[in-house]
Amino acid sequence: MTIILMLFYAFIAVVCVQIIYYLSFLFSFGVKKAEAQLKKHIPISLIICAKNEADNLKKNIPLILNQDYSNFEIVLVNDSSFDNSLEIMEEFASKHNSIKLVDVKISEAFWGNKKYSLTLGIKASKNDYLVFTDADCTPNSDQWLSQLTSHFSNEKSIILGYGAYAKKKFSILNKLIRFETVMTALQYFSYAKMGIPYMGVGRNLAYKKNVFFDNCGFNSHMSIKSGDDDLFINEVSNTSNTALCYTKESFTISEPKTSFKSWILQKRRHISTSKHYKSKHKVLLGLFYTTQLLFWILGISLLITKFSWPLVVSLIALKYVIQWISFGFTAKKFKETDLLLLMPILEILLITFHLSIFIVNLISKPKHWK
């Protein structure tokens, strides 16, 4: 058997794996409609950990205060900011009794560790239901809190929400960031829907306080700078305790990075946590990303050699028709349909950056969360 024939058979296997992933894991969420639940207005504590976010705090705290929700407190955690974030927090706290302030001083043992600051915020909160977002996140509507928390029940103690990024015109980086966000959401929502939740995003997340303390908080991965959202959810979520919320009113919108350098630094932190996931999740996610990479390597190699090129082109087309359908339904759900035409290009760019970041992380580790 020639090498080129072996590559061809390997390419067929890779395409089959990708198609199986999209049809068995990812398609089911894409076609599922968002369901609104009966609003509960249970007492909640909204925790926002901020480091040097003065402008975003000025912008977003008033929007959060204006939420159509009858019973909530805001716990603002100042994570050793060196801008005037603390002063902004104090000003809001002086005018609103519903705001509680936690000022975290610089600690050599926990420097650059968001988990330490979040832990102090959680301990300071008075309610049993916790909602988490970031200072740069804007609620998509005044129904954000009511939509998200409506999914709590006796069985459901963890709620996974969707955190989008704002659209910027004429920016390939912005499209790449939003494409990755939709692809990530497609995966973690799909897996959760199938009973194997593995992550959530701290931009839009909720869970009961007892879930945190029963797990001894972030204790098992406190030494890892990132992962206050995905590693924690990877530990505590299961088939029965996790619910999904993705109505458009429940989205949060964050400001995306505006330079490739800052985005890559952010991705280095995120990617560094995945090796700490449960084994079954690492296998499932690793196989998906590996076959994504091999799809392009093998596909381009076979096209260059022109070996059975009509069949190779047909397999590429089949894979992308199925991917476009799955991604398209999800992009429509998340109001990101402008990404559809650029999907192949964005996928190649994302795979290339992820591979590069993975290699760099093997050489040196990210030092702090911000």
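Everything in this summary refers to the structure shown in the same document. (Residues numbered from 1 in each chain as written. Predicted model: local features only at pLDDT ≥ 70, side-chain atom pairs only at ≥ 80, totals over all residues. Heavy atoms only, no water.)

## Describing the sheet that holds strand S2 (residues 72–79)
Read across the open sheet, the 7 strands follow the order S3-S2-S1-S4-S8-S6-S9; overall the sheet is mixed. One side of each edge strand has no neighbouring strand; the edge strands of this open sheet are strand S3 (99–104) and strand S9 (242–244). Direction aside, neighbouring strands of the sheet carry axes that sit 20° apart on average. In the packing of helix H4 (residues 114–124) onto the sheet, contacts are made with strand S1 (44–50), S2, S3, strand S4 (129–134) and strand S8 (205–208), and the angle to S3 comes to roughly 145°. (Pairing = 2+ DSSP bridges. Helix = DSSP H or I, 4+ residues; strand = E, 2+ residues; numbered from the N terminus. Axes fitted to C-alpha atoms, helices over the stretch in contact; angles between N-to-C directions. Contact = heavy atoms within 4.5 Å.)

## Focus on the packing of helix H6 (residues 172–193) against helix H9 (residues 260–273)
With their axes 11 Å apart at the nearest point, H6 and H9 run at an angle of 20° to one another. The orientation of H6 with respect to H9, classified from their angle, is roughly parallel. The way H6 lies across H9 gives a crossing that is left-handed. On H9, the residues touching Ile172, Leu173, Leu176, Ile177 and Glu180 of H6 are Phe260, Trp263 and Lys267. Residues that form the contact of H6 with H9 fall into these classes: 6 nonpolar, no polar and 2 charged. (Parallel < 35°, antiparallel > 145°, perpendicular 65-115°, else oblique. Left-handed = near helix turned anticlockwise from the far one by under 90°. Nonpolar A, V, L, I, M, F, W, Y, C, P; charged D, E, K, R; others polar.)

## Topic: the environment of phenylalanine 260
For phenylalanine 260, the location among the structural elements is in helix H9. A relative accessible area of 34% places phenylalanine 260 in the partly exposed class. Distance from phenylalanine 260 to asparagine 174, taken between C-alpha atoms, is 9.7 Å for residues 86 residues apart in sequence. Aside from chain neighbours lying at most four places away, what touches phenylalanine 260 is Ile172, Leu173, Leu176 and Phe353. (Buried < 20%, exposed > 50% of the residue type's maximum accessible area, 1.4 Å probe, protein only.)

## Description of a nonpolar patch on the surface
There is a patch of nonpolar side chains on the surface, built from Leu355, Phe358, Ile359, Leu362 and Ile363 and spanning about 540 Å² of accessible area. Note that isoleucine 359 resides in helix H12 (residues 343–363). (Patch = residues over 30% accessible without salt bridge, like charges linked within 9 Å, V, L, I, M, F, W, Y side chains within 5 Å. Areas by Shrake-Rupley, 256 points an atom, 1.4 Å probe, with all protein chains shown as cover. Salt bridge = Lys/Arg side-chain N within 4 Å of Asp/Glu carboxyl O.)

## Some details on the nonpolar core
Proteins that are soluble and globular tend to have nonpolar side chains buried together. Of all hydrophobic cores here, the largest spans 76 residues; its most connected members are Phe11, Leu160, Tyr162, Tyr188, Phe189, Tyr207 and Phe334. At 12 residues, the largest contribution of residues to this core is made by H6. Residues in contact with tyrosine 162, not counting those within four places in the same chain, are Thr181, Val182, Ala185, Tyr188, Phe189, Asn204, Cys245, Ser250, Phe251, Thr252, Phe334 and Glu336. Counting 27 residues, the second-largest nonpolar core is a separate cluster that includes Ile64, Ile88, Ala135 and Cys245. (Core = buried A, V, L, I, M, F, W, Y, C linked by side-chain atoms within 4.5 Å.)

## Some remarks on the packing of aromatic side chains
By the definition in use, this model includes 32 aromatic pairs. Relative to phenylalanine 307, the ring of phenylalanine 8 has its centre 5.4 Å away and its plane inclined at 70°; by these criteria the two rings are edge-to-face. Of this pair, phenylalanine 8 sits in helix H1 (residues 3–30) while phenylalanine 307 sits in the loop between helix H10 (279–305) and helix H11 (309–333), and the two are 299 residues apart along the sequence. Given the relative accessible area of 6%, phenylalanine 8 is considered buried. Given a relative accessible area of 24%, phenylalanine 307 falls into the partly exposed group. Centre to centre, the rings of tyrosine 191 and tyrosine 198 are 5.3 Å apart; their planes meet at 70°, and the pair counts as edge-to-face. Each of the two residues, tyrosine 191 as well as tyrosine 198, counts as buried. Through successive ring pairs, a cluster of aromatic residues spans Phe29, Tyr162, Tyr188, Phe189, Tyr246, Phe251 and Phe334. Residue placement shows lysine 319 over the ring face of phenylalanine 295; its charged tip is 4.4 Å from the ring centre. Above the face of the phenylalanine 29 ring, lysine 333 is positioned so that its terminal group lies 5.2 Å from the ring centre. (Phe/Tyr/Trp six-rings, centres within 6.5 Å; stacked < 30°, edge-to-face > 60°. Lys NZ or Arg CZ within 6 Å of the ring centre and 35° of its normal.)

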